[in-house]
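Structural features, examined
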Amino acid sequence: MDNRQQLMSELMDLCNEIIWLNKPELESALNGYTLNEIELIEHIALIPEANVTKLAAASYMTRGAISKLTKKLLTKNIIQRYQNEDNRKEIYFELTKKGQEINAIHQQLHEAFLQRDQDVFAHMTKEEFDTIFRFIGRYRHHLKNITK
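This text gives an overview of the structure that appears in the document. (Residues numbered from 1 in each chain as written. Predicted model: local features only at pLDDT ≥ 70, side-chain atom pairs only at ≥ 80, totals over all residues. Heavy atoms only, no water.)

1. Topic: helix H3 (residues 52-59)
- By the burial criterion, the buried members of H3 are Val52, Leu55, Ala56 and Ser59. Burial along H3 is one-sided: seen end-on, the buried residues are contained in an arc of 100 degrees.
- Here the buried face of H3 lies against helix H2 (35-46), helix H4 (63-75) and strand S2 (87-95).
- Where H3 starts, the residue carrying a side-chain oxygen 3.2 Å from the main-chain nitrogen of Thr53 turns out to be Asn51.
- Looking at the residues trailing H3, positive phi occurs at Tyr60, about 55 degrees. (Buried < 20%, exposed > 50% of the residue type's maximum accessible area, 1.4 Å probe, protein only. Helix = DSSP H or I, 4+ residues; strand = E, 2+ residues; numbered from the N terminus. Arc of directions from axis to C-beta. Contact = heavy atoms within 4.5 Å. Polar contact = N/O pair within 3.5 Å; in protein donor to acceptor, adjacent residues only side chain to side chain.)

Here's what the structure looks like:
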């Protein structure tokens, strides 16, 4: 196995381990919501004037999948639709009070996970972070270029 293969294998294993470790706590704290729903709630909280197109791009899902998820979240009273006065055609989404509470719990869990893993990050230098960020940036740029 060459360095490229080993790096990709290690990255995939790391992501899978993090998901495996975090998933039970996420599911327990946010019982009744799928990971896709939780991710969509987070995106709606972060993206100004979140619409189906923006949410699909941010989630790496199809517009159809986002439409189905938003319908479920609308039914659960987690999000609500709105339109701007200057553009009555476009439909946007925002969190309801209940959606904001779910997002707050999700963000608290992210913070708890970072605290749990603090020992790893405490020993990293700025240069190590910069190297990792450069690699990830180059790789993401490459993937965007080949998917155009």
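2. Focus on the packing of aromatic side chains
- Under the definition given, this model contains 4 aromatic pairs.
- Centroid distance Phe135 to Tyr139: 5.7 Å. Interplanar angle 80 degrees. Geometry classified as edge-to-face. Of this pair, Phe135 and Tyr139 are both found in helix H7 (residues 126-146), 4 residues apart, which corresponds to roughly one turn of the helix.
- Given a relative accessible area of 26%, Phe135 falls into the partly exposed group.
- Under the relative-accessibility criterion, Tyr139 is labelled partly exposed at 32%.
- Within the aromatic cluster, the residues linked to one another by ring pairs are Phe121, Phe129 and Phe133. (Phe/Tyr/Trp six-rings, centres within 6.5 Å; stacked < 30°, edge-to-face > 60°.)

3. Some points on unusual backbone geometry
- For Glu49, which is not glycine, the phi torsion reads 50 degrees and is therefore positive.
- In this structure, Glu49 sits in the loop between H2 and H3.
- For Glu49, a relative accessible area of 35% translates into the label partly exposed.
- A positive phi angle, near 55 degrees, is found at Tyr60, a position not held by glycine.
- Take Tyr60: it is sitting in the loop between H3 and H4.

Shape is all these values report; function is a separate question.
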